[in-house]
Amino acid sequence: MRFKQHSVLPGFGLGLGYTLFWLCLIVLLPLAALLMKSASLSAEAFWAIVSTDRVVAALKLSFGASLLAASLNAFFGFLVAWVLVRYPFPGKRLVDALVDLPFALPTAVAGISLTTLYAPNGWFGQYLVPLGINVAFTPLGILVALTFISLPFVVRTVQPVLEDLEAELEEAATCLGATRWQIFSRVLFPAVLPALLTGFTLAFARATGEFGSVIFIAGNIPMVSEIAPLLIIGKLEQFDFLGATAIAVVMLVISFVMLFAINLIQWWSSRRHGMTR
Amino acid sequence: MSIEIRNIQKRFGDFTALENVSLDIASGELLALLGPSGCGKTTLLRIIAGLATPDSGQILFHGQDATDRHVSERQVGFVFQHYALFRHMTVFDNVAFGLSVRPRAARPSKEAIRDKVMKLLKLVQLDWLADAYPNQLSGGQRQRIALARSLAVEPRVLLLDEPFGALDAKVRKDLRRWLRQLHDDMHITSVFVTHDQEEALEVSDRVVVMNHGKIEQAGRPDEIYEHPASPFVTQFLGDVNLFHGRVHDGKMEIGDYAHALGEHQTAAGGAATAYIRPHDLDLSREPGEALAAGTVEHIHAVGPIVRVELRREGSGDLIDAALTKDQYQTLRLMLGDRVFIRPKKLSVFLDAGADI
């Protein structure tokens with residue numbers, strides 16, 4: 001592989017330089033500081049901190065709930081984007097604007113509103129609790145909060161791609177005798193899949209890092225509904241900086257591995273479809 | 001399969017796209033729908049395909065009413081201007097699509113599909129690209145794949161919407177000839193839409209010229225070119241010089257000049273315009289019996305045809321004339337020369353609103 005490729009676009013060296021500098025300053029430097037800090041722990045001490053039942057349970061909950069929330073949003077977000085793009089209906093612009101609300105709303109506000117709704121005496125809670133469905137102060141509540149805050153990512157990545165799909169593709173498929181389901185599953189969906197995967201990744205990343213909305217609705221019961229970021233805050237409040245960084249490093253590594261894996265899948269699928277050069 | 005189009009009417013809001021259009025397309029015919037953009041030709045094609053529905057009127061396939069038949073039941077192959085290939089599928093999968101979406105009972109076996117697709121890819125001379133993706137192909141190759149894809153389902157009618165519109169001139173010419181050959185081999189009823197008169201006249205058995213949602217004229221290419229039925233058709237088919245005058249006693253009179261009109265021409269009298277193609281103008285240095293005199297302003301002498309631009313004396317209009325190289329050399333034309341023009345052939349139409 002040649003390091004430098006000749007291109008008609010000028011400024012490759014300068015552009016790459018700025019990119020690396022910026023990434024170092026904004027992303028790598030703080031993360032390096034985190035790693036440095038945790039490096040002052042011995043391997044045994046590090047392992048002792050992160051392998052306690054409470055930390056493992058919190059990590060499982062954080063990543064499990066985030067994956068589930070991102071999957072839910074991949075499905076329903078796709079549906080929202082589909083409806084917004086394909087059908088004209090009154091109030092469409094309003095609905096379109098509503099989608100962004102979870103972006104704009106302070107997460108604490110979202111958490112408080114959701115808790116109020118799902119608490120045993122709340123609007124939803126009063127009907128759900130007698131049915132045996134407890135949302136507030138359980139892992140289910142965490143899922144609801146994470147789904148809420150990560151919804152816009154899927155909608156906003158899929159929407160423009162759906163809009164750009166030429167109507168001619170469907171017409172061509174219709175002329176060739178495909179049914180509506182075949183057109184969706186074999187022509188439209190594969191074209192949108194890369195964008196959906198991107199949206200899923202963003203939603204997942206957002207959900208793992210979420211803190212504000214979750215702590216209100218989760219109840220934060222250790223081993224049951226305590227997420228990893230909260231555990232980190234807890235340790236910080238007790239001035240256990242090393243313990244906090246150890247958990248943070250584990251989160252960082254897991255997140256990075258998962259994001260990298262999803263990126264690989266994307267790269268592989270776009271290569272398979274001949275969309276890269 | 002023959003197609004009959006009966007009194008088709010189509011409006012988009014206030015815009016009338018098609019007004020009472022009727023047309024018979026014979027089985028095995030290669031027909032061109034020719035017209036400027038917005039004349040309704042593509043709308044008509046889409047209505048034949050079933051991709052658009054007419055406000056009123058009927059479409060008959062092989063004598064049977066197909067107006068309410070769904071696209072997928074009409075067995076039409078449709079080729080789009082911008083190819084509409086499925087980007088995430090290989091060339092092979094694109095061509096196989098129509099066969100592989102059939103219900104299980106009607107679907108050919110994997111091997112049969114494979115044979116058929118490879119045969120079609122050979123037919124369009126692209127079998128070596130079976131595993132490529134559409135974005136790795138050139139425009140001409142993509143359009144050939146699109147054509148192979150539409151032929152895979154053995155359509156009874158092939159409809160092409162500006163099939164060569166997005167291609168460059170050279171590829172366009174090759175594909176045009178190739179389409180003609182393909183049609184001669186397969187004899188499938190085909191309709192193609194174009195705004196390029198050269199393309200329509202060269203490729204098709206019959207040309208239908210459309211304007212403002214109506215059919216202006218339909219006929220064989222030579223018929224249409226030699227005997228255009230309206231000023232619009234005359235002007236749309238190629239460069240033309242206009243001379244205003246009067247029709248009187250079966251003659252077209254332009255100033256002192258008079259040209260006897262043949263049987264094809266109008267018999268009534270009144271203010272009229274003569275349309276003369278550049279190559280129907282004779283230039284000479286002899287005065288007398290000339291339509292007009294002019295000075296040579298520009299000579300374009302590249303290729304077998306020499307184009308001469310004249311400034312007409314009196315009116316100051318520009319006149320285009322086209323000479324063969326021989327004529328040009330005999331005349332020894334120079335810029336600024338004074339020459340006289342005589343028409344070999346002219347098309348005369350009474351001016352609209354002229355008293356008859």
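Just so we're clear, the structure is a prediction, and the values are computed from it rather than from any experiment.

Caption draft 1: Region of the structure containing the overall build of chain A. The helix and strand inventory of chain A stands at 13 helices and zero strands. The linear arrangement of helices and strands in chain A, starting from the amino end, is α-α-α-α-α-α-α-α-α-α-α-α-α. Projected onto the principal axes, the alpha-carbon positions of chain A cover approximately 65 × 60 × 30 Å. Counting over 277 residues, chain A shows a buried share of 40%. Long-range contacts, defined here as pairs at least 24 residues apart, represent 74% of the contacts in chain A between residues at least 6 apart. Here chain A displays about 15,800 Å² of accessible surface, and carbon together with sulfur accounts for 72% of that area. The centroid of the 16 positive side-chain charges in chain A is displaced by 7 Å from the centroid of its 14 negative side-chain charges.

Caption draft 2: Main features of the overall build of chain B. For chain B, the count of helices and strands is 10 helices and 20 strands. Structurally, chain B occupies a C-alpha span of about 80 × 45 × 35 Å along its principal axes. Counting every position in chain B, which comprises 356 residues, the buried fraction comes to 51%. Expressed as a percentage of contacts within chain B between residues at least 6 apart in sequence, the contacts between residues at least 24 apart total 66%. Summed over all atoms, the accessible surface of chain B reaches about 16,700 Å², with 48% contributed by carbon and sulfur.

Caption draft 3: Spatial organisation of the packing of helix 3 (residues 91–100) of chain B against helix 5 (residues 139–151) of chain B. All names here are of chain B. As a packed pair, helix 3 and helix 5 sit with axes 7 Å apart at the nearest point and diverge in direction by 30°. With respect to helix 5, the element helix 3 is oriented roughly parallel. Crossing handedness for the pair helix 3 and helix 5: right-handed. Of helix 5, the residues touching helix 3 (which contributes V91, N94 and V95) are I145, A148 and R149.

Caption draft 4: Summary view of the confidence of the model for chain B. Residues at a pLDDT of 70 or more form 97% of chain B, whose mean pLDDT is 87. Scoring the predicted complex yields pTM 0.79 and, for the interface, ipTM 0.81.

Caption draft 5: Highlighting the packing of helix 3 (residues 53–86) of chain A against helix 4 (residues 92–99) of chain A. Residue and element names in this part refer to chain A. Here helix 3 crosses helix 4 at 150°, and the two axes come no closer than 10 Å. The orientation of helix 3 with respect to helix 4, classified from their angle, is roughly antiparallel. Both helix 3 and helix 4 take part in a crossing whose hand is left-handed. Residues V80, L84 and V85 of helix 3 touch helix 4, and the partners they reach there are K92, V95, D96 and V99. Tallied by class, residues from the contact of helix 3 with helix 4 come to five nonpolar, no polar and two charged.

Caption draft 6: Fine view of the pattern of salt bridges. In this structure the tally under the stated criterion is 26 salt bridges over all chains. Residue D100 of chain A is joined to R156 of chain A by a salt bridge in which the shortest nitrogen-to-oxygen separation is 2.9 Å. Of this pair, D100 of chain A sits in the loop between helix 4 and helix 5 (101–104) while R156 of chain A sits in helix 8 (residues 139–164), placing them 56 residues apart in sequence. One salt bridge in this structure joins K235 of chain A and D240 of chain A, with 4.0 Å as the shortest N-O distance. Its relative accessible area of 29% is what places D240 of chain A among the partly exposed residues. Within this structure, R172, R176, D196, E198, E199 and E202 of chain B form a network of salt bridges that share partners.

Caption draft 7: Fine view of the pairing of strand 12 (residues 251–254) of chain B. Residue and element names in this part refer to chain B. Where burial is concerned, the two faces of strand 12 differ: the one with M252 and I254 is buried and the one with K251 and E253 is not. Sheet analysis places strand 11 (residues 241–248) next to strand 12, joined by three bridges and oriented antiparallel. Looking across to strand 12, one finds that V247 is bridged to M252. Between strand 11 and strand 12, which pair antiparallel and follow one another directly, the connecting turn spans two residues, one of which, D249, has a positive phi of 55°.

Caption draft 8: Geometry of the interface of chain B and chain A. At the interface, 24 residues of chain B touch 19 residues of chain A. Taking both partners together, chain B and chain A bury about 2,000 Å²; carbon and sulfur atoms supply 62% of that area. Among the residues chain B hides against chain A, the three largest losses belong to H88, F97 and V101 of chain B. Together they make up 28% of the total. E171 of chain A is the partner of R46 of chain B in a salt bridge, and the nearest nitrogen-oxygen pair spans 2.6 Å. The tally of links between chain B and chain A comes to four residue pairs in polar contact (both at pLDDT 80 or more).

Caption draft 9: Representation of the nonpolar core in the model. Formed by 86 residues in total, the largest nonpolar core has its most connected members in I5, L33, F97 and L159 of chain B. Dropping the residues within four chain positions of it, F97 of chain B is found in contact with A173, L176, A178, R186 and V187 of chain A together with F86 and M89 of chain B.

Caption draft 10: Geometry of a nonpolar patch on the surface. All names here are of chain A. There is a patch of nonpolar side chains on the surface, built from L14, Y18, F21, W22, L23, L25, I26, V27, L28 and L29 and spanning about 1,100 Å² of accessible area. As for its placement among the helices and strands, L14 is situated in helix 1 (residues 12–39). Given a relative accessible area of 62%, L14 falls into the exposed group.

Caption draft 11: Spatial organisation of helix 6 (residues 107–118) of chain A. With 12 residues, helix 6 of chain A extends 16 Å from end C-alpha to end C-alpha; this agrees with the ideal 16 Å at 1.5 Å per step. Taken together, the buried residues of helix 6 of chain A touch helix 7 (125–128), helix 8 and helix 11 (212–218) of chain A.

Caption draft 12: Representation of the side chain of S213 of chain A within the structure. Residues and elements named next belong to chain A. Position of S213 among the secondary structure elements: in helix 11. A distance of 2.7 Å separates polar atoms of two side chains, one belonging to S213 and the other to E210. Excluding residues that lie within four positions of it along the chain, S213 makes contacts with T107, A110, G111, A145 and I149.

Caption draft 13: Structural detail: the sheet that holds strand 10 (residues 214–219) of chain B. Residues and elements named next belong to chain B. On the basis of which strands lie adjacent, the open sheet formed by six strands has the order 6-7-8-3-9-10 and mixed pairing. With partners counted over all chains shown, the strands left at the sheet margins are strand 6 (76–79) and strand 10, one partner each. Within the sheet, the average angular offset between the axes of one strand and its neighbour, ignoring direction, is 15°. Against the sheet, helix 1 (residues 41–49) touches strand 3 (30–34), strand 6, strand 7 (157–161), strand 8 (189–194) and strand 9 (206–211), its axis set at about 150° to strand 7.

Cut-offs and rules
Residues numbered from 1 in each chain as written. Chains lettered and ligands numbered in written order. Predicted model: local features only at pLDDT ≥ 70, side-chain atom pairs only at ≥ 80, totals over all residues. Heavy atoms only, no water. Helix = DSSP H or I, 4+ residues; strand = E, 2+ residues; numbered from the N terminus. Buried < 20%, exposed > 50% of the residue type's maximum accessible area, 1.4 Å probe, protein only. Contact = heavy atoms within 4.5 Å. Areas by Shrake-Rupley, 256 points an atom, 1.4 Å probe, with all protein chains shown as cover. Lys, Arg positive; Asp, Glu negative; His and termini not counted. Charge placed at Lys NZ, Arg CZ, Asp CG, Glu CD. Axes fitted to C-alpha atoms, helices over the stretch in contact; angles between N-to-C directions. Parallel < 35°, antiparallel > 145°, perpendicular 65-115°, else oblique. Left-handed = near helix turned anticlockwise from the far one by under 90°. pLDDT = per-residue confidence, 0-100. Nonpolar A, V, L, I, M, F, W, Y, C, P; charged D, E, K, R; others polar. Salt bridge = Lys/Arg side-chain N within 4 Å of Asp/Glu carboxyl O. Pairing = 2+ DSSP bridges. Buried area = accessible area lost by both parts, 1.4 Å probe. Polar contact = N/O pair within 3.5 Å; in protein donor to acceptor, adjacent residues only side chain to side chain. Core = buried A, V, L, I, M, F, W, Y, C linked by side-chain atoms within 4.5 Å. Patch = residues over 30% accessible without salt bridge, like charges linked within 9 Å, V, L, I, M, F, W, Y side chains within 5 Å. Expected span 1.5 Å × (residues − 1).

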